[in-house]
Amino acid sequence: MHKLQKQVLFTGQQHGYYLYRIPSLVVSKKNTVLAFCEARRHNGADDDEIDIVMRRSFNNGKTWDEQHIIVSDGIRTCSNPCSVVDMVTGTILLVFCKDNQQVFLTKSHDDGQTWTEPKEITNMTKNHNWTYLGTGPGHGVQLKSNRILIPGWSDTSPGLPTWRTPPPIWGKIQSSYAFYSDDGGKNWVLGDEMTRNASDECEAVELENGLIYMTMRSRQNKKQRAYSYSNDQGHTWTPVEYDPNLPEPSCQGSIIRFDTEKILLCHPSDKTERAKLTIRLSNDNCRTWSINKIIEQNGSAYSDLAVTQTKQILCLYEKREEDASTDERHIALASFKIDWVEQ
């Protein structure tokens, strides 16, 4: 029987960074695994000076190359990495924000070896009424139609945008949404916002019937995973609902298709703190989650899932040692087979 294996990929207090947060994980058309995250320089806050860094694996996540800086812009906050692979061309797209005000896109045509100069796509992906926004975080999805869909969250908190001095006023009113491209990322279309202030950070999966299922971090102290459906490939969405069988402390989660029948969902399942990172399995297009296993019992938060071409399941997640302070968080990788989930 295959076992759960773990390793730390990004270690706090190393490489000149205070801590690492916000994982993003994809597998390329050539089966290269790319792990991204935020590298926060000074204090670890959301408005810290932040770079986006990356490591790659060429053997299904067993070993990894050195850490590389993919995006950096001086004192600015380069955050909310959301990666996706265009399986038509093999191009890897990385969408991210600067100061939660602007949206940028960088691409790699050589499995992450080199990256294009980031191009701003804010005018195609942000409503001018939003005070802040965030892409993903985690990964986007390519639909059967080859449309590339990027999930995100909007913020319409009252007041003018501020950054660092005074601290940003955000998080009062947030909602989930998505934007998409039908030409490989050249042009983007902004979809409708979902139910106002019901959810925020989100990830999507395409169901066998063509519907898009979005799993979302809940708001309003619901402490249950939020969800919504789209029947037009991500432009409009059903009213946000909550699943009482999916408890959460209000935290980002990840979802991915394993095969034609199985879909995997990952999120912290403790209602009182970010802990008990749980992997769940659905065999009925996300209606129910019949199987669940705990990946990390102790402090654990944001995560991102990927499946390699050899059906190895990878979960990149935020980990905090039980006896460590909040500022010693790492980004760890869990690796397992589907039979570990089902056993």
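Everything below is about the structure shown above.
Summary of the structure given here. Quick caveat, the model's predicted, so the values are computed rather than measured. (Residues numbered from 1 in each chain as written. Predicted model: local features only at pLDDT ≥ 70, side-chain atom pairs only at ≥ 80, totals over all residues. Heavy atoms only, no water.)

A short note on the nonpolar core
To be explicit about the condition: Residues belong to a common nonpolar core when they are buried Ala, Val, Leu, Ile, Met, Phe, Trp, Tyr or Cys residues joined through side-chain atoms within 4.5 Å. Only protein chains enter the accessibility calculation, which uses a 1.4 Å probe; a residue whose area is less than 20% of its type maximum is buried, one above 50% is exposed, and one in between is partly exposed. The secondary structure listing takes helices from DSSP runs of H or I that are at least 4 residues long and strands from runs of E that are at least 2 residues long, numbered from the N terminus. A contact between two residues is defined here by any heavy atoms of the two lying within 4.5 Å.
Leu264, Ile279, Ile295, Cys315 and Phe336 are the most contacted members of the largest nonpolar core, which has 19 residues in total. Looking at this core, the elements that each hand over two or more residues are strand E21 (263-268), strand E22 (275-282), strand E23 (291-307), strand E24 (313-319), strand E25 (330-336) and helix H2 (338-342). Ignoring any residue separated from it by four or fewer positions in sequence, one finds isoleucine 295 in contact with Leu4, Lys6, Cys266, Leu277, Ile279, Cys315, Tyr317, Ala334, Phe336 and Trp340. Ala35, Cys37, Leu314 and Leu316 belong to the second-largest nonpolar core, a separate cluster that totals 17 residues.

Here we look at the sheet that holds strand E3 (residues 33-40)
The test is simple: Following DSSP output, two strands are said to pair if at least two bridges run between them. Fitted lines through C-alpha atoms give the axes, limited to the stretch in contact for helices. The angle between two N-to-C directions lies from 0 to 180 degrees.
Strands sit in the order E2-E3-E4-E5 across an open sheet of 4 strands; the sheet is antiparallel. Lying at the two open borders of the sheet, with one neighbouring strand each, are strand E2 (19-27) and strand E5 (68-71). Averaged over all neighbouring strand pairs, the angle between strand axes comes to 35 degrees, with direction disregarded. Pairing between strand E4 (residues 50-57) and E5: 3 bridges, direction antiparallel. Among the inter-strand pairings, isoleucine 52 is bridged to a residue of E5, identified as valine 71.

Examining the sheet that holds strand E7 (residues 92-98)
The strands making up a sheet are joined through hydrogen bonds of the backbone, oriented either antiparallel or parallel. Read from one edge to the other, the open sheet built from 5 strands follows the order E9-E8-E7-E6-E11, with strand pairing classed as mixed. Sheet topology places strand E9 (119-120) and strand E11 (138-139) at the edges, where each strand pairs with a single neighbour. With 2 bridges connecting them, strand E6 (residues 78-85) and E11 associate as parallel partners. Opposite cysteine 82, over in E11, you have glycine 138 as the bridge partner.

Points about the side chain of glutamate 203
The following threshold applies: Neither His nor the chain termini are counted; the positive set is Lys and Arg, and the negative set is Asp and Glu. The salt bridge criterion pairs a side-chain nitrogen of Lys or Arg with a carboxyl oxygen of Asp or Glu, the two atoms within 4 Å. Within 3.5 Å is the distance limit for a polar contact, defined as a pair of N or O atoms, with the added protein rule that one can donate a hydrogen and the other accept it, and that residues adjacent in sequence qualify only through two side-chain atoms.
Its place among the elements puts glutamate 203 in strand E16 (residues 199-206). In this structure glutamate 203 is buried but unpaired, with arginine 225 as the nearest side chain of opposite charge at 7.9 Å. Here the side chain of glutamate 203 touches serine 254 through a polar contact of 3.1 Å, side chain to side chain.

Let's talk about the pattern of salt bridges
Taken as a whole and judged by the stated rule, the model has 18 salt bridges. One salt bridge connects glutamate 38 with arginine 40, and the closest N-O pair in it is separated by 2.7 Å. This pair shows no difference in class: glutamate 38 is buried, exactly as arginine 40 is. The shortest N-O distance in the salt bridge between aspartate 200 and arginine 217 comes to 3.7 Å. Of this pair, aspartate 200 sits in strand E16 while arginine 217 sits in strand E17 (residues 212-218), and the two are 17 residues apart along the sequence. Like aspartate 200, the residue arginine 217 is buried in the burial classification.

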